[in-house]
Structures are given as C-alpha cells and as structure tokens.
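As a plain string of letters, each chain reads:
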Amino acid sequence: MPFLKRIEKIFSPLVFPSSDDLLEAIQKLQAAETDAAPFVMNPENKPYGRKLIFKSDHVEILVMAWSQTLDCSPHDHGRSFGWVQVISGSSNHTLYKLQPGGLPVAVKKEIEKKGSLLNVGRGMIHKMGTYEKKPLITLHVYSPPISGMKVFDLEKCAACIVSEDCGAWWPDEQRQLLKTILLPPQHAKP
C-alpha cells in the first residue's frame, strides 16, 4: 500500500490521541527511507526542509530533511506533543530545562540513530541537528497540529512565537514572527 494511503488509514481514525496512541500508530506505519524520500525538501539556508504530508483536526505528520551544517534552535511545540522517528542518518539531540526567568539551559545531550523514536512531551524544549554530517531524515507526528511554537535565541536572551508554517528557527519573514519575548540573562550552570 502506498505510504500516504497507509498514513491515512492509520492516522485518520485518531481523535484526541494520547502519546501512547501516537506511538502505536507510528510503529504500525513502519516508515522507511524509501517512503519518506519523495517528500524530502532541500533545507537551503535553514536547519531543515519541512514537508507537511498529513493533517487532520487531531494529528499532523511532517517529513524533515536536515542541513548538514545547521542545528535548529531550542524550541517547544506549543500545546502539542508527539514522536519523532529517525528515518535515516543520526541526530544530535539536546534537551533543555527552563530556568527561573524563562531561559532554557541544556541538561542532556544524546545521539539518536536510525530507527530511534523520540518522545516529544508537551512543554518539552529541545533541539536537533545532523550528527556525523551524513544525511538525516526524520518523520514527525504531533497532536494536535502544532500552533504557538516557541523558539529560543539563547544569545539574544529572547524567544518568539512562530506561525504554523515556520520551523524551529528565528523567522526571516516578519509574518512568521507572531510574538517576541525578551528574557532576562541567566548565568546558571547546566
């Protein structure tokens, strides 16, 4: 069965899914590199190219092809939660914890290899990027579809809320910058 038909069959019935429901669905999908390949978008000058391949009122699914030189910015997923599957390559993955005042500090770094499933909990702040400069492709499943994503710029001590069509980076286009938040500088150790 073609990939998009499998996605439709597995994810369309999900209404207000739990994290476990999404995990079960992504495992059932068994996405492979050949499934994702037709949806790979060149990242150009961004951390990744992103292609929305499925969206309902309750779930969205994206394929991301990562830059070999740029990591995304630390970010949350607004009011959404979900799972990320590493389809090909390996990813460096950094988890953050918010300090008083709202500035995130790195607390854990891991390497996620092909086949890894990363739980993206509601409110979790993280960043990803290519490890070993080999092509990285990931599949992202979120519920509800992402809105209100907060992206952090640690050097500027600022955060912003981005539009739904923006990725995890400070937007270049003014229309994608919905709100800017200045944060107090922090000097705490991770």
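In this text, all values refer to a predicted model and were calculated from it rather than measured experimentally. Starting from 1, residues in each chain are numbered consecutively following that chain's sequence as written. Owing to the predicted nature of the model, reporting of local features is limited to residues with pLDDT of at least 70; listing and counting of side-chain atom pairs is limited to 80 or more, with chain, interface and lining totals taken over all residues. With hydrogens and water stripped out, all remaining heavy atoms of the structure feed into the side-chain values.

## Some thoughts on the side chain of serine 116
Next up, step 1: Secondary structure elements are defined from DSSP: runs of H or I of at least 4 residues count as helices, runs of E of at least 2 residues count as strands, and each element is numbered from the N terminus. Structurally, the position occupied by serine 116 is in the loop between β5 (104-112) and β6 (117-120).
Next up, step 2: Partly exposed describes any residue whose relative accessible area lies between the buried limit of under 20% and the exposed limit of over 50%, with all areas from a 1.4 Å probe on protein chains only and scaled to the type maximum. Judged by relative accessible area, which is 19%, serine 116 ranks as buried.
Next up, step 3: Pairs of N or O atoms are called polar contacts if they sit within 3.5 Å, as long as, within protein, a hydrogen donor faces a hydrogen acceptor (for residues adjacent in sequence, only side-chain-to-side-chain pairs). Of note is the side chain of serine 116, whose polar atom sits 2.8 Å from the backbone oxygen of lysine 113.
Next up, step 4: Any pair of residues with heavy atoms lying within 4.5 Å of one another is described as a contacting pair. Discounting residues that sit within four places of it in the chain, serine 116 has contacts with Val84, Gln85 and Val86.

## What to know about the state of the cysteines
A covalent bond between the sulfur atoms of two cysteines is referred to as a disulfide.
Next up, step 1: When two cysteine sulfur atoms are found within 2.5 Å, that pair is recorded as a disulfide. Evaluated as defined, the whole model comprises zero disulfides.
Next up, step 2: Looking at the unpaired cysteine 157, the closest cysteine sulfur is the one in cysteine 160, lying at 14 Å.
Next up, step 3: According to the relative accessible area criterion, cysteine 157 is buried, its value standing at 15%.
Next up, step 4: Between cysteine 160, a cysteine without a disulfide, and cysteine 166, which holds the nearest cysteine sulfur, the sulfur-to-sulfur distance is 7.0 Å.

## A few points about the packing of aromatic side chains
Next up, step 1: Stacked, tilted and edge-to-face are the three classes applied to pairs of Phe, Tyr and Trp rings, where Trp contributes its six-membered ring and a pair requires centres within 6.5 Å; stacked means planes under 30 degrees apart, edge-to-face means over 60, and tilted covers the rest. Inspection of every chain in the model, using the stated rule, returns four aromatic pairs.
Next up, step 2: Between the aromatic rings of phenylalanine 3 and phenylalanine 39, the centroid separation amounts to 6.3 Å while the plane-to-plane angle is 40°, which identifies the pairing as tilted. With phenylalanine 3 in helix α1 (residues 3-11) and phenylalanine 39 in the loop between α3 (33-36) and β1 (48-55), this residue pair connects regions lying 36 residues apart in the sequence.
Next up, step 3: Geometrically, the ring pair formed by phenylalanine 11 and phenylalanine 54 is tilted, given 6.5 Å between the ring centres and 50° between the ring planes. Of the two residues, phenylalanine 11 is situated in helix α1 and phenylalanine 54 in strand β1; the sequence distance between them amounts to 43 residues.
Next up, step 4: Of the residues examined, phenylalanine 54 reaches a relative accessible area of 8% and is grouped as buried.

## Structural notes on the sheet that holds strand β7 (residues 125-130)
Next up, step 1: A pair of strands counts as paired when DSSP detects no fewer than two bridges linking them. One open sheet accounts for three strands, arranged β5-β4-β7; its pairing is antiparallel. Each end of this open sheet is capped by a strand with a single partner; those strands are β5 and β7. On average, each strand axis in the sheet is tilted by 20° relative to the strand beside it, whichever way the strands run.
Next up, step 2: Sheet analysis places strand β4 (residues 91-98) next to β5, joined by eight bridges and oriented antiparallel. What sits directly across from leucine 98, in β5, is proline 104. Here the axes come from fitting lines to C-alpha atoms, over the contacting stretch only for helices, and the angles between their N-to-C directions go from 0 to 180 degrees.

## Some points on the sheet that holds strand β11 (residues 177-182)
Next up, step 1: Pairing in this open sheet of three strands is antiparallel, and the strands run β9-β10-β11 from one edge to the other. Lying at the two open borders of the sheet, with one neighbouring strand each, are β9 (150-153) and β11. Between one strand and the next, the sheet's axes are offset by a mean angle of 25°, whatever the strand orientation.
Next up, step 2: Sheet topology note: the β9/strand β10 (residues 158-162) ladder contains four bridges and is antiparallel. Within β10, the residue paired with phenylalanine 152 across the bridge is alanine 159.

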